[in-house]
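As a plain string of letters, each chain reads:
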Amino acid sequence: MKKAFIGVYGCQMNVSDAERMEGQLHSIGYVRTGSMEDADLILLNTCCVRETAEDKVYGKIGEIKHIREKNPGLIFGIAGCMAQKEGENLIRRAPHIDFVLGTNKVQELVNVVREIEAERGHVVDVSFSETELPEGLPVERGGRLSAWVPIMYGCNNFCTYCIVPYVRGRERSRLPEDVVKEVGEAVAKGYKEVTLLGQNVNSYGKDHGRADFADLLGMVDAVPGIERVRFMTSHPKDLSDKVIAAIRDGEHICEHIHLPVQYGTNRVLKAMNRVYTVEGYRDLVGRIREALPDVSLTTDLIVGFPGETEEDFSALLDFLREIRYDSAYTFLYSKRSGTPAATMENQVAEDCKKRRLRELMEVQNGISREINEGLLGKSLEVMVEGASKNDAGIWTGRTRTNKIVLWEHGDEQPGDFVQVRITQPQTWVLKGEVCSRIPR
Ligand code: SAH
Ligand code: SF4
Ligand code: F3S
């Protein structure tokens, strides 16, 4: 058996693509290894959403140069968003890279690897045909209980800071029957939970018109044997009341919405081209919470967008205190060349961005802790995942609202559903005790 090392950077879409790449490598005789030194093939599925993401990959490319020197037969390829963005520049910069495969060429991996196995040489394929969807590919999933299922590719929104639409192309939705089929196949293999993936799931189906996102949620909810349905990411501009109703009415659809706001003032939102206003967002959150009283809301926030003032920043903190997210991913604005924001005036100084990020995280962590403390004594439904990373006696799982729960292991098994009474809520995790098994 030949061995492949697959390194994955970036978002869940990249994780999902890598599972399809691994499936293809498996079909031509590669098994996965966790060690680059052991590998016959190294594939990095890369991200370029922020400069730090690219820096990590360039570091890895450097490391692999030494491994390649010791193992001249090694095949080394770059896929994903950085591959799409840089194309053959990557090989010019690092000639020990054998192939560069764009984001819309996942299905070409087998051909490319075979070509290099046969006659070495470099292959670069970053061509982009938006009519082609990567259907019918074998998939080697990472998890055993929870499956990533892409429902659409690409993005049409062109937020002014963001590189994703340039490297992922325009929105293309999979057909509802293909999504439902994949979910059914995952369930048949023992998966209990699926997460439907897209850069903006709420605009699912606008291209083919065969079903909208609310319809799709209903169809996936009805797949026999599915226990939990999750989805991300929701762009606030088109999360409709119909979608909210579908979440409320679906038996298995989890009450968690990742609803990135990015910023908390209209001036900055406009400059970011986010299309909604603070008032519109507030109103949407009100409608969500009215329909789904136990919902957890999470968000993404960017500090240091060009032109951000102290006034903007303090209004952002007020907005956070008002909305009260369960948690937030917070990012320093990173200039991406080719995007409109990269050439905007009044770029914010690095030390100022960092200070704001620290303050922002402090405020949000306080809110996260307060919300979790409100769960003290409550009994929550948890899907058992298994032993925690650091302590085999402490097991972990998630609530429907996507909060991580820890408890002392009894006799429950991965995939069981249990009620856990929360005894020690913390900022990032909830500690508790299993009080009963939920029969399924
Ligand atoms: N499609 C999703 C997210 C894609 S990227 C959405 O619209 O929410 C994930 C997150 O990275 C974004 O939500 C944003 O907060 C952040 N991000 C994107 N471009 C960035 C940049 N240039 N600098 C810093 N953060 C960025
Ligand atoms: Fe980027 Fe905006 Fe598209 Fe999300 S919606 S991927 S932030 S352009
Ligand atoms: Fe990164 Fe591409 Fe995802 S740029 S965040 S891996 S879509």
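Conventions and cut-offs
- In every chain, residue numbers begin from 1 and rise along the written sequence.
- Note on labels: chains are lettered from A, ligands numbered from 1, in written order.
- Where local features are concerned, this predicted model is filtered to residues with pLDDT of at least 70; where side-chain atom pairs are given and counted, the filter is 80 or more; whole-chain, interface and lining totals use all residues.
- No hydrogens and no water enter the side-chain calculation; it runs on all heavy atoms of the structure.
- Strands qualify as paired when DSSP identifies two bridges or more between them.
- Only DSSP runs of H or I reaching four residues or more are called helices, and only runs of E reaching two or more are called strands; each is numbered from the N terminus.
- By the criterion used throughout, a crossover qualifies as right-handed when its path from the first strand across the helix to the second strand runs clockwise, the strands pointing away from the viewer.
- Between the N-to-C directions of two axes lies an angle of 0 to 180 degrees, each axis being a line fitted to C-alpha atoms and, for a helix, fitted only over the stretch in contact.
- Contacts are assigned to residue pairs that have any heavy atoms within 4.5 Å of one another.
- Neighbouring residues are identified by heavy atoms, a residue being near a molecule or strand if any of them is within 4 Å of it.
- Amino acids outside the nonpolar list (Ala, Val, Leu, Ile, Met, Phe, Trp, Tyr, Cys, Pro) and the charged list (Asp, Glu, Lys, Arg) are all regarded as polar, and Gly is one of them.
- Buried residues of nine kinds, namely Ala, Val, Leu, Ile, Met, Phe, Trp, Tyr and Cys, make up a nonpolar core once their side-chain atoms join them within 4.5 Å.
- Note on exposure labels: buried denotes an accessible area under 20% of the residue type's maximum, exposed denotes more than 50%, and partly exposed covers the range between, all computed with a 1.4 Å probe on protein chains only.
- Domain start and stop points were drawn from an automatic or database domain assignment.
- Here the quantity called buried area is the total loss of accessible area, with a 1.4 Å probe, experienced by two parts when brought into contact, counted for both.
- Within this document, salt bridges are pairs made up of a side-chain nitrogen of Lys or Arg and a carboxyl oxygen of Asp or Glu, the two lying within 4 Å of each other.

Another aspect to go through is the pairing of strand β1 (residues 2–8). Pairing of β1 with strand β2 (residues 30–32) involves 3 bridges; the strand directions are parallel. When the bridges of β2 are listed, Lys3 appears paired with Val31. After leaving β1, the chain enters helix α1 (residues 12–27) and then returns to the sheet as β2, a path that is right-handed. Sheet analysis places β1 next to strand β3 (residues 41–46), joined by 5 bridges and oriented parallel. Considered in β3, the bridge of Ile6 is made with Leu43.

Across the sheet, which stays open at both edges, the 6 strands sit in the order β2-β1-β3-β4-β5-β6 with parallel pairing between neighbours. The open sheet has two edge strands, β2 and β6 (123–125), and neither has a second partner. With strand direction ignored, the average angle separating the axes of adjacent strands in the sheet is 20 degrees. Of the strand pairs in this sheet, strand β4 (residues 75–80) and strand β5 (residues 99–101) are connected by 3 bridges, and their pairing is parallel. Paired with Ile78 across the two strands is Val100, which belongs to β5. α1 contacts β1, β2, β3 and β4 of the sheet and is inclined by roughly 155 degrees relative to β3.

The subject of this paragraph is the site of ligand 3. In the vicinity of ligand 3, the residues found are Cys11, Asn14, Cys47, Cys48, Val49, Cys81, Arg168 and Gln199. For the shell around ligand 3, the per-class residue count stands at 5 nonpolar, 2 polar and 1 charged.

With that settled, consider the sheet that holds strand β14 (residues 327–332). Within a sheet, adjacent strands bond to each other through the backbone by hydrogen bonds, running parallel or antiparallel. In spatial order, the strands read β12-β13-β14; together these 3 strands make up an open sheet with parallel pairing. Of all strands in the sheet, those with a lone pairing partner are β12 (256–258) and β14, marking the two edges. Between one strand axis and the next, the sheet turns through 15 degrees on average, direction left out of account. Where β12 meets strand β13 (residues 296–303), 3 bridges bridge the pair, whose relative direction is parallel. If you follow Ile257 over to β13, its bridge partner there is Leu297. Sheet strands in contact with helix α13 (residues 350–373) are β13 and β14, and its direction is about 175 degrees off that of β14.

Right, let's talk about the nonpolar core for a bit. Ranked by size, the top nonpolar core spans 68 residues in total, and within it Leu196, Phe213, Leu217, Ile257 and Ile288 carry the most contacts. Residue contributions to this core peak at 6 residues, all from helix α12 (residues 310–323). Among the nonpolar cores identified, the runner-up in size contains 26 residues, and Ile64, Met82, Ile91 and Val167 belong to it.

On to the domain arrangement of the protein chain. Structurally, the protein chain comprises domain 1 (2–125), domain 2 (146–373) and domain 3 (379–438). Just the C-alpha atoms count here: the centres of domain 2 and domain 3 sit 26 Å apart. Domain 2 puts 20 residues into the contact, and the matching count from domain 3 is 16 residues. Between domain 2 and domain 3, a total of about 1,500 Å² is buried, with carbon and sulfur atoms accounting for 49% of that surface. There are 3 salt bridges connecting domain 2 and domain 3. A salt bridge links Lys403 to Asp326; the shortest N-O distance between them is 2.7 Å. Where the side of domain 2 that touches domain 3 is concerned, the elements lending two or more residues are β11 (228–232) and α13. Broken down by class, the residue content of the side of domain 2 that touches domain 3 amounts to 3 nonpolar, 6 polar and 11 charged.

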